[in-house]
Amino acid sequence: MALRFNRRIRIAPGISLNLSKSGIGASIGPSGAKINVSSRGVYGNVGLPGTGLAYREKLNKRGGRSTQAVALSPGKALEQQLKAGSSAVVRVRVQDDGELVITDDGGQPYDETELRVLRKYAGEGMRDMLQQACDRLNADLSALATVHCDTLSPQDKPVFQSRAFPEPEPQRKPLLQPTLWSRIWPPAKRRLAEQNERWTEQYVRAFSEWEEAARAFNEQERQRREQETELVLTNLDAMANVLEEHLGEIPWPRETSVSFDLGDDASTIAIDIELPEENDFPDVEYTLAAKQPKVSVKKIAATRRRILYRDYAHGVAMRVLGEIYHRLPTVQLALVSAYVPALDTGTGQPTESYLYSVLVTKPQWREINFKALANIEPPATLERFELRRKMTKTGVFKSIEPFDVEALES
């Protein structure tokens, strides 16, 4: 079979840990944490070592530490300043052993009396924040094991989802109305007219730029619609572009690469997936102690980690097959092979160690109940098709020889 394309796309890690606008936000950032405490509320950001995850939350309605020290004990001074409406910054760092280090903005540790004040004003909120941080971090384990749960169902007709222009239309400022003074004093009248004229010019310019951007966006949408609903049925370039775009939008929990080749008759496709290595998967879980503000770090058993890797490795294939049979109506047979980078023991040159290779027809793919994906085990799903794989039940893989593209011709 002649192969027309060899597209390779890099899919960066797509972990998305932001909640809704009314909830906690997560971001990729520095280690440690910051809590802003004031009479109007206590806000905090906490990080766990080595993860780059930070969380910000309103803790309660009270406040932190001021630099305006008076002749009082540190704890009393802090409490008085919180009551007076002053603000303070508290940094919370979680060490590798789960112990918390609580310092001020300059890195100076709070003494025990000050810590008692902070616990009084923000203790429960700090625990809530740390618990949510643990939950968010441990959610990474679930995301890796359930990557297949967003697999799309097959379609026989092209699917297109339109997008609205994201920029809001600029709003015109209300013009200044004449005052008594501007009516009787010409310089004031002139200044008012000049201000209104500037605002009008600004609005006209902003609206013109917005209108031009909206026209360009709508033209792109028109072209995208044509590509995804018409050209995708006959044009190999359009098919490749559509698949590449949608595969690139998948937020993989770990960095994953996909390359694909489309057959000249548009009915077959060969896919190679470069999987992350097992060592890239989490090896610890975080839990908050029952009574103390302490995070416990527990090592994940090797067997459980291998099972997690096994499920992810097969779940990725399901997700990719879902995109193919959902986006490309003409494809009837797909070959998916997954590998990890390796070194040739004879030459020392880089090579690929294939973990599995599977042939899936569209009629076979239809047999899956896509409404019950949460109850599906990806390794067992791939076993329903023509599969090459050497793997133990706990996810120990041995290298295999993948199907050749000639298998797509039979």
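Reading the values: rules and limits
Residues numbered from 1 in each chain as written. Predicted model: local features only at pLDDT ≥ 70, side-chain atom pairs only at ≥ 80, totals over all residues. Heavy atoms only, no water. Salt bridge = Lys/Arg side-chain N within 4 Å of Asp/Glu carboxyl O. Helix = DSSP H or I, 4+ residues; strand = E, 2+ residues; numbered from the N terminus. Buried < 20%, exposed > 50% of the residue type's maximum accessible area, 1.4 Å probe, protein only. Phe/Tyr/Trp six-rings, centres within 6.5 Å; stacked < 30°, edge-to-face > 60°. Lys NZ or Arg CZ within 6 Å of the ring centre and 35° of its normal. pLDDT = per-residue confidence, 0-100. Contact = heavy atoms within 4.5 Å. Patch = residues over 30% accessible without salt bridge, like charges linked within 9 Å, V, L, I, M, F, W, Y side chains within 5 Å. Areas by Shrake-Rupley, 256 points an atom, 1.4 Å probe, with all protein chains shown as cover. Lys, Arg positive; Asp, Glu negative; His and termini not counted. Charge placed at Lys NZ, Arg CZ, Asp CG, Glu CD. Axes fitted to C-alpha atoms, helices over the stretch in contact; angles between N-to-C directions. Parallel < 35°, antiparallel > 145°, perpendicular 65-115°, else oblique. Nonpolar A, V, L, I, M, F, W, Y, C, P; charged D, E, K, R; others polar. Pairing = 2+ DSSP bridges. Expected span 1.5 Å × (residues − 1).

The protein chain appears in an unreviewed UniProt entry as DUF4236 domain-containing protein from marine sediment metagenome.

Colleague: Please explain the pattern of salt bridges as it appears in this structure.
Modeller: Pairing between side chains becomes possible if they bear opposite charge and their charged atoms approach one another. Tallied over the entire structure, the rule returns 17 salt bridges. With a shortest N-O distance of 3.4 Å, Arg224 and Glu228 are connected by a salt bridge. Of this pair, Arg224 and Glu228 both sit in helix H4 (residues 186-229), four residues apart, roughly one helical turn. Note on accessibility: Arg224 and Glu228 belong to one class, buried. Of the charged contacts, one joins Asp283 and Lys299 as a salt bridge, the two residues approaching to 3.1 Å between their closest N and O atoms. Here Lys299 lies in strand S11 (residues 295-299) and Asp283 lies in the loop between strand S9 (268-274) and strand S10 (284-288), a separation of 16 residues in the sequence. Residues participating in the shared-partner salt-bridge network are Asp156, Lys362 and Arg366.

Colleague: Help me out: how do you make sense of the packing of aromatic side chains in this one?
Modeller: Scanning the entire structure with this criterion turns up 12 aromatic pairs. Seen from their ring centres, Phe281 and Tyr309 are 5.2 Å apart, and the 70° between their planes marks the pair as edge-to-face. Of this pair, Phe281 sits in the loop between S9 and S10 while Tyr309 sits in helix H6 (residues 302-327); the two residues are 28 residues apart in sequence, bridging distant segments of the chain. Exposure remark for Phe281: the relative accessible area of 3% places this residue in the buried category. Classification of Tyr309 by relative accessible area gives buried; the value is 5%. Three or more aromatic residues link up through ring pairs in this structure, and these residues are Phe165, Tyr203, Phe207, Trp210 and Phe217. Geometry around Phe403 places Arg388 over its ring, the cationic atom sitting 4.1 Å from the centre.

Colleague: Could you clarify how one ought to interpret the confidence of the model for the protein chain in this entry?
Modeller: The predicted structure's coordinates, where accompanied by low pLDDT, should not be read in detail. Per-chain confidence: the protein chain averages 81 in pLDDT, with 78% of residues scoring 70 or above. Across residues 1-43, confidence stays below pLDDT 50; counting only partners more than four residues off in sequence or on other chains, it has 158 contacts. Predicted confidence is poor over residues 48-70, with pLDDT under 50, and the contacts of this stretch with residues over four places away or in other chains come to 104 contacts.

Colleague: I would appreciate a short explanation of a negative patch on the surface in the present structure.
Modeller: Taken together, the side chains of Glu401, Asp404, Glu406 and Glu409 make up a negatively charged region of the molecular surface. Relative to the helices and strands, Glu406 resides in the segment after strand S15 (397-398).

Colleague: It is not clear to me how unusual backbone geometry should be interpreted in this structure. Could you clarify?
Modeller: Excluding glycine, residues mostly carry a negative phi; peptide bonds, for their part, are mostly trans. Even without being a glycine, Ala266 presents a positive backbone phi close to 65°. Mapped onto the secondary structure, Ala266 falls in the loop between strand S8 (256-262) and S9.

Colleague: Honestly, the packing of H4 against helix H5 (residues 236-248) in this entry has me stumped. Any pointers?
Modeller: Helix-helix packing is characterised by the crossing angle of the two axes and by the distance between the axes. Put simply, H4 and H5 touch, their axes get as near as 9 Å, and they point 110° apart. With respect to their mutual orientation, H4 and H5 come out roughly perpendicular. In contact with Arg224, Gln227 and Glu228 of H4, H5 contributes Ala238, Asn241, Val242, Glu245 and His246. Of the residues belonging to the contact of H4 with H5, the class tally is two nonpolar, three polar and three charged.

Colleague: Would you mind going over the pairing of strand S12 (residues 333-343) with me for this structure?
Modeller: Side-chain direction in a regular strand flips from residue to residue, so the side chains alternate between the two faces of the sheet. Burial within S12 is extensive, with eight of its 11 residues counted as buried. Sheet analysis places S9 next to S12, joined by seven bridges and oriented parallel. Its bridge partner lying in S12, Ile271 is registered against Val336. Sheet topology note: the S12/strand S13 (residues 350-361) ladder contains 11 bridges and is antiparallel. Along S13, the bridge assignment pairs Leu335 with Leu359. In this structure, the hairpin formed by S12 and S13 is closed by a connection of six residues, where Gly348 is found at a positive phi of approximately 75°.

Colleague: What is the right way to read H4 from this model?
Modeller: Because an α-helix packs 3.6 residues into every turn, residues spaced three or four apart end up facing the same way. Compared with the 64 Å implied by 1.5 Å per residue over 44 residues, the 63 Å span of H4 between its first and last C-alpha is a close match. For H4, the set of buried residues is Ala188, Leu192, Asn196, Tyr203, Ala214, Phe217, Glu221, Arg224, Gln227 and Glu228. At its buried positions, H4 is contacted by helix H3 (180-184) and H5.

Colleague: Please clarify how a nonpolar patch on the surface should be interpreted in this entry.
Modeller: Taken together, Leu180, Trp181, Ile184 and Trp185 make up a surface patch of nonpolar side chains, about 490 Å² in accessible area. Turning to its location among the elements, Trp185 is positioned in the loop between H3 and H4.

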